[in-house]
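Structural characterization, general
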Amino acid sequence: MSLTLTVPLMILSALVAMTPLGSGPAWDEAEALRQEGSFGLALEAYRTVDRSGLDKQGERWLDFRIADCTWRSRASTEDPDDTASRDALGRLRAMAAGVTRDQDQDLLWAEIQESLGDAAWQVRRHSDWYTGWSHYQQALSWWAGSRDIDTARVRYIQILRKAARPVWAEPRQYVYGSYGGMVPVETLNGALRIATDPDDIAWLRYLVAMGLRNQSGNPALYQRTVEAFQAALKGGREQAWYDDALYHYAWFLHSPGRPVRLDQGGYGHQPEWAQA
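About the thresholds
Residues numbered from 1 in each chain as written. Predicted model: local features only at pLDDT ≥ 70, side-chain atom pairs only at ≥ 80, totals over all residues. Heavy atoms only, no water. Helix = DSSP H or I, 4+ residues; strand = E, 2+ residues; numbered from the N terminus. Buried < 20%, exposed > 50% of the residue type's maximum accessible area, 1.4 Å probe, protein only. Areas by Shrake-Rupley, 256 points an atom, 1.4 Å probe, with all protein chains shown as cover. Polar contact = N/O pair within 3.5 Å; in protein donor to acceptor, adjacent residues only side chain to side chain. Salt bridge = Lys/Arg side-chain N within 4 Å of Asp/Glu carboxyl O. Phe/Tyr/Trp six-rings, centres within 6.5 Å; stacked < 30°, edge-to-face > 60°. Lys NZ or Arg CZ within 6 Å of the ring centre and 35° of its normal.

**Some points on the overall build of the chain**
If you tally the helices and strands in the chain, you get 12 helices and two strands. Scanning the chain from its N terminus toward the C terminus, one meets helices and strands in the order α-α-α-α-α-α-α-α-α-α-α-α-β-β. Buried positions account for 49% of the 276 residues belonging to the chain. In the form shown here, the chain has an accessible surface area of approximately 14100 Å², with 50% of it arising from carbon and sulfur atoms.

This is the structure in structure tokens:
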């Protein structure tokens, strides 16, 4: 299994500005290897960085990079011995737990939370949505409060994309919501308020529709779900999720169908055969 979780180039410069610089060729080489997904080689390079040239924050970043690259490099192997990964994840949890005040939660803290989320959800043999999402939520909350709006927008949606579809998902077999992986609708609505890319907006509408489809027991929610599906489908057939959206929209129109008020009170459902 290949596990390649790299940072998009469009936000690399912003992250570099917030990570330790001036640490010499070993650090630069390690960062470059990490960006291309060569976590094992990056780990070797990070271990050669001269700590004497780092301040306390720089050491925190180096400790994070070593632990992060350790579990990522081990996740791409078939070796059943997970001692190194467990030790690395333990160090990451300890680093996160060491930040006890909200005002001390910095970019590094958010990166640690995202790494822990990836370790739980992006590694197939774990497939632990609930643990993964608990960490992704922490990272999302931090980015939501960031003053760097452009970088925060990209990172926020990047995390949501990983949460909605893990890297191990088979293109023709994985359906959004499998293994419990359903992003809360309120989080998706928050992302829609900051999204600017049409593809992101259409994709978020699809996730909203999928989240609402089982809650559409009254006309207002039903209409919201219909509108979300229709907005998503405007994203076009070239979208990887288009067929899924079309299928689930048709199924939604068929079952449960449109809510109708019953003579005896309450609501029943009427299948929308023609539209489906």
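**Quick notes on the side chain of Ser146**
The residue Ser146 is located in the loop between helix H7 (129-144) and helix H8 (149-164) in this model. Looking at Ser146, its side chain comes within polar contact range of the main-chain nitrogen of Asp148, at 3.1 Å.

**Let's talk about the pattern of salt bridges**
Applying the stated rule across the entire model yields 17 salt bridges. Between Arg60 and Asp106 there is a salt bridge, with its nearest N and O atoms 3.0 Å apart. Of this pair, Arg60 sits in helix H4 (residues 56-75) while Asp106 sits in the loop between helix H5 (83-97) and helix H6 (107-121), and the two are 46 residues apart along the sequence. Here Glu170 makes a salt bridge to Arg124, at a shortest N to O gap of 3.7 Å. Of the two residues, Glu170 sits in the loop between H8 and helix H9 (185-194) while Arg124 sits in the loop between H6 and H7, which places them 46 residues apart along the sequence.

**Overview of the packing of aromatic side chains**
Evaluated as defined, the whole model comprises 13 aromatic pairs. Taking the centre distance of 6.0 Å and the plane angle of 75° together, the rings of Trp61 and Phe64 count as edge-to-face. You can see Trp61 and its partner Phe64 sitting in helix H4, three residues apart, about one turn around the helix. For the pair shown, Trp61 and Phe64 are each scored as buried. Aromatic pair Tyr222 and Phe252: ring centres 5.2 Å apart, planes at 25°, arrangement stacked. With Tyr222 in helix H11 (residues 219-233) and Phe252 in helix H12 (residues 242-254), this residue pair connects regions lying 30 residues apart in the sequence. In this structure Tyr222 comes out as buried when scored by relative accessible area, which is 5%. Phe252 gets classed as buried once you look at its relative accessible area, which sits at 2%. Three or more aromatic residues joined by ring pairs form one cluster here, namely Trp121, Trp129, Trp133, Trp168, Tyr174 and Tyr179. Against the face of Trp203 rests Arg161, its NZ or CZ located 4.2 Å from the ring centre.

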